[in-house]
Amino acid sequence: MTKVAGKPARGPQTDSPLALLTTKFVIPPVRVGLVARPRLTARLEDALCHRVTLLASPPGYGKTTLLSAWLAARGRPAAWLALDEHDNDPVRFWTYLCAALEHAYPGSAGGTAALLRSVPAPPTETLLAALVEALTTLEGDLLLVLDDIHLLTAQPVRDALAALAEHLPPRLHLVLASRADPALPLARLRARGELLELRAADLRFMPPEASAFLADTMGLRLAAEDAALLAERTEGWPAGLQLAALAMRAHEHTDRSMPPTASAAGSQRFVLDYLLEEVLDHQPEELRRFVLRASILDRITPALCDALTEAPPGTSAILLRELVRGNVFLTPLDDAGMWYRFHALFADALRQRLDETEPGQRPILHARARDWLAAAGELDEAVRHAIAAGDMARAGALADDYARALWNRSELGQLQSWIDALPAAVVQSGRRLRLYGTWAHFATGDLGDGGRLLDEAERAAAAGDLPAERRVAHGALLALRGFLARCEGDNVQAEARAWQALAILPEDEPSWRSLAAICLGHATNDRGDLAAAYAAYEEAARIGERVGDAFTYVSGNLGVANIEQEWADPHTAHRRTRAVWMRCTAPGAPPLPILGLVEADLGGLAYEWNQLDEAERHARSCLARAQRSRLIDLFVNAYLLLAAVARARGDHGTATQHLDAATEAIAAMGIRSLGIGVAALKAQFAILRGDLTAAERWAASPESALPASEDSITSFLGGRLIPTTHARLHLARGRPEAALMVLETLLRTAERTGQRAAQIEVSALRALAHAAGGNRDAARDALEHALRLARPGGYLRTFLDDGAPMCALLGELRETRRASLDAALAAYLDALLDAFAREPATVTHTVAQQLLPTPALPGRLTPREYEVLALVAAGASNADIAAHLTVSLHTVKTHLAHIFDKLGAASRTQALARAREQGLV
């Protein structure tokens, strides 16, 4: 692999979606004259007997040096990964971890790297399972060293590391170097005898080691008692001892006595500052100036330093080699001498000294680094140096140049962080930055700051010089105003602003035209004009595909897929959504946070088809993407899908927790329309678990107001959800006539607008309402109508979520109309009843049981009977069962009689035996 001067060495582009810095995998070379520390290397050999080895101490205790020396002495491969702040991105962390393993042990990561090329990346559990499986097949002991893990601060990455530590394959040993205890289950690892620890007390130099270090490494001959005193005063701190030796070496031709460090005892930072002055004062002027100026860089390379110091090409390479030879706290990161870094504390002290000796110099240096990095295409680092230089205008210009690229990749969190760091005037001076930044705040749910930016952008646009520029800015602002109106629940204004934006924006402004089209699609969809919404979404998708705008391409196609679902065509919607997924996760495609919405949609379809494990996997992946990107839509979709899955499994507590999490996220963002929808969904969950008091509180609140127009029934978090929740509450309160009044209104609108998915849900509820009112024929008619609409799409959960009453109605329909049902509908009906039979016994649907009688199906147990049978199998008495189900003892006996009759049993023992034969318990 060719390495270009002044540029980081990067791995092959086909290996991962990231351009890899290969220096992160290189074990630091062992320094000449390094003091042997057999007492520590012997302890490290015990790492092979432990799952995890931890070296934890403040900086300057030689953790990295010790590990590199130990690995060099072993003479066998080891995977090494030098971590930095940028590894807090989970995808980057997993990519580098797998690459480090592959670097040392080819083939060890198996197919994990291929999984990482998926966008969005699979959840941690999937990646960990793939990696562990691959590592388990290898022979021999494997070492994975992670250096500087204290730099991992993001919770998803910490969780990934903890999961790795908990599930290490038997032959893999994890070695960690950190300044602080990592977020790992250390107590549990200690209790199991799986943790080897080396702390500062272990790593500090003992007097003999201090003497050897001073003599052999630093070339300083001292009497044994002087060396012991110096080790005592520096508390065996290797970095302090090195600095003391440098200071003494500078004095050796004039004053062989030891400098007065007694006052520094117990304060490592004071020792560092004092000795640093001594070291720098005795360095040649050129070298001293070079070190001070290079201290502003996190990673040092000769070409960048030449630009920084304005030196002739090649000068910095010579000075860097001289610093390495002099042990002046500079660590090479590769064998070619292209990349280095200073010790962190040493760099801090150098920057402090730079400010003292050359005030005002640091911003100049940051500006030079900014220019070099910008020319090299490292815009992210260039923006950071521009901000450090105090050159907010240049930082804003760089960010403005990069804003469109971040939009296309939906990396709105990064864009928002730049905007937050820049003055408002600078943000407003950049046409792209102010507009894309406004959208970034909206998309991440920050309506307050987004609205402020929007107001400022409108004022700036009004003062624009060029008519064409004002036209584009005005159109973009109208599109943004439309989205803000929709977030605030004003759908009329949202649609009006979207139409105005499309009328103003020229054809060669695809970003804002597509955003206006998506806004128009949402608005027309919400009022039930599916044809208009379909056309708007389709136009946005075409624009995104034509110009390579991934955000628009994904959003538009998902909008079209949602309309297809409203038309009760989930299979077509699934094919479209899968096609988007496959296209955007092709090898080499960049990570796209918005693909979390693709996962949410795939999870929603999986849920409807009763594939609960698949639905949960998609939801958790969406949530992980939300935590990285801060996109509010991802949070809400993930939590709602997780809540639905938990409810379907009968875990009402977890379902409520997920809904509460969604509510908290929405409340923090202030998006009224989302909050109203989630409140209705929480009321619906309360009805299913029997908490009618909570549902009545919702019904009495302003949030439960029915839509003013019959047209507004499409939006899941709007029109249809609120009326159907009212209908469910009427049924639970024994008011079927009131429920039917609400449902008839919904059905008329659904039929008029062609919203067949709405017709399925409403017809199923009408069936329950008619049955609760005693009109069995009308109930069977409504249910058969719902089934005929639902069969082509294979709907399951729409019926399963209504519990035992729906199961009973389905059974009744099969028994009474078998002769009139066509073969396809009869088979679908049987499939639904089979799905009911597999529902977990914990799904009680407490209130639903009260809605209508639940006649026993010939030869088939009802969900309640399954629950009773499960309690019998657990050894519960009749009284225990009655208490658990909150029913009378007579009701329990009735259930048992039905169970015995269906199983052909005469006793509990015989019933359990028959149930086990049939696989029922």
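Residues numbered from 1 in each chain as written. Predicted model: local features only at pLDDT ≥ 70, side-chain atom pairs only at ≥ 80, totals over all residues. Heavy atoms only, no water.

A closer look at the nonpolar core
Right, on to step 1. Ranked by size, the top nonpolar core spans 119 residues in total, and within it Phe342 and Val554 carry the most contacts.
Right, on to step 2. Here this core takes 14 residues from helix 32 (residues 632–648), the largest share from any one element.
Right, on to step 3. Contacts of Val554, omitting those with residues within four sequence positions, involve Val580, Cys584, Ile594, Leu595 and Val598.
Right, on to step 4. Counting residues in hydrophobic clusters, the runner-up holds 67 residues, among them Trp80, Ala100, Leu146 and Ala160. (Core = buried A, V, L, I, M, F, W, Y, C linked by side-chain atoms within 4.5 Å. Buried < 20%, exposed > 50% of the residue type's maximum accessible area, 1.4 Å probe, protein only. Helix = DSSP H or I, 4+ residues; strand = E, 2+ residues; numbered from the N terminus. Contact = heavy atoms within 4.5 Å.)

Overview of helix 6 (residues 155–166)
Right, on to step 1. For helix 6, spanning 12 residues, the distance from its first C-alpha to its last is 16 Å, which sits close to the expected 16 Å at 1.5 Å a residue.
Right, on to step 2. Turning to helix 6, its buried residues are Val157, Ala160, Leu161, Ala162, Ala163, Leu164 and Ala165.
Right, on to step 3. Packing partners of the buried residues in helix 6 comprise strand 1 (52–56), helix 3 (90–104), helix 5 (124–136), strand 3 (142–147) and strand 4 (172–178). (Expected span 1.5 Å × (residues − 1).)

Comments concerning the packing of helix 14 (residues 302–309) against helix 17 (residues 361–375)
Right, on to step 1. With their axes 8 Å apart at the nearest point, helix 14 and helix 17 run at an angle of 135° to one another. By the criterion of interaxial angle, the relationship of helix 14 to helix 17 is oblique. Helix-helix and strand crossings are classified by hand; for helix 14 and helix 17 the assignment is right-handed. Along the contact surface, helix 14 presents Ala303, Leu304, Ala307, Leu308 and Thr309, while helix 17 presents Leu365, Arg368, Ala369 and Trp372. (Axes fitted to C-alpha atoms, helices over the stretch in contact; angles between N-to-C directions. Parallel < 35°, antiparallel > 145°, perpendicular 65-115°, else oblique. Left-handed = near helix turned anticlockwise from the far one by under 90°.)

Quick word on the sheet that holds strand 3
Right, on to step 1. Pairing is parallel in the open sheet, where five strands are placed in the order 2-3-4-1-5. Single-partner strands in this sheet number two, and they are strand 2 (79–82) and strand 5 (195–199). Each neighbouring strand pair of the sheet contributes to a mean axis angle of 15°, computed without reference to strand direction.
Right, on to step 2. Here strand 1 pairs with strand 4 via five bridges, running parallel. Across the sheet, Leu54 pairs through a bridge with Leu176, a residue of strand 4. (Pairing = 2+ DSSP bridges.)

Comments concerning unusual backbone geometry
Right, on to step 1. The backbone phi angle of Asp148 is positive, close to 65°, even though this residue is not glycine.
Right, on to step 2. With phi around 55°, Glu310 is a residue other than glycine that occupies positive phi space.
Right, on to step 3. Tracing the sequence through the fold places Glu310 in the loop between helix 14 and helix 15 (315–325).
Right, on to step 4. The exposure class assigned to Glu310 is exposed, which follows from its relative accessible area of 59%.

Digging into the confidence of the model for the protein chain
Keep in mind that low pLDDT regions are not for reading the predicted coordinates in detail.
Right, on to step 1. On average, the protein chain scores 80 in pLDDT, and the residues at 70 or more come to 80%.
Right, on to step 2. Low pLDDT, under 50, characterises residues 711–718; the stretch is placed with 36 contacts to residues that sit more than four places away or in other chains. (pLDDT = per-residue confidence, 0-100.)

Things to note about the environment of Asp87
Right, on to step 1. Tracing the sequence through the fold places Asp87 in the loop between strand 2 and helix 3.
Right, on to step 2. When the C-alpha atoms of Asp87 and Val157 are compared, they prove to be 8.2 Å apart, with 70 residues separating the residues in sequence.
Right, on to step 3. Among residues more than four places away in sequence, those in contact with Asp87 are Lys24, Ala82, Arg92, Phe93, Tyr96, Leu152 and Val157.
Right, on to step 4. One polar contact links Asp87 to Lys24, side chain to side chain, over a distance of 2.8 Å. (Polar contact = N/O pair within 3.5 Å; in protein donor to acceptor, adjacent residues only side chain to side chain.)

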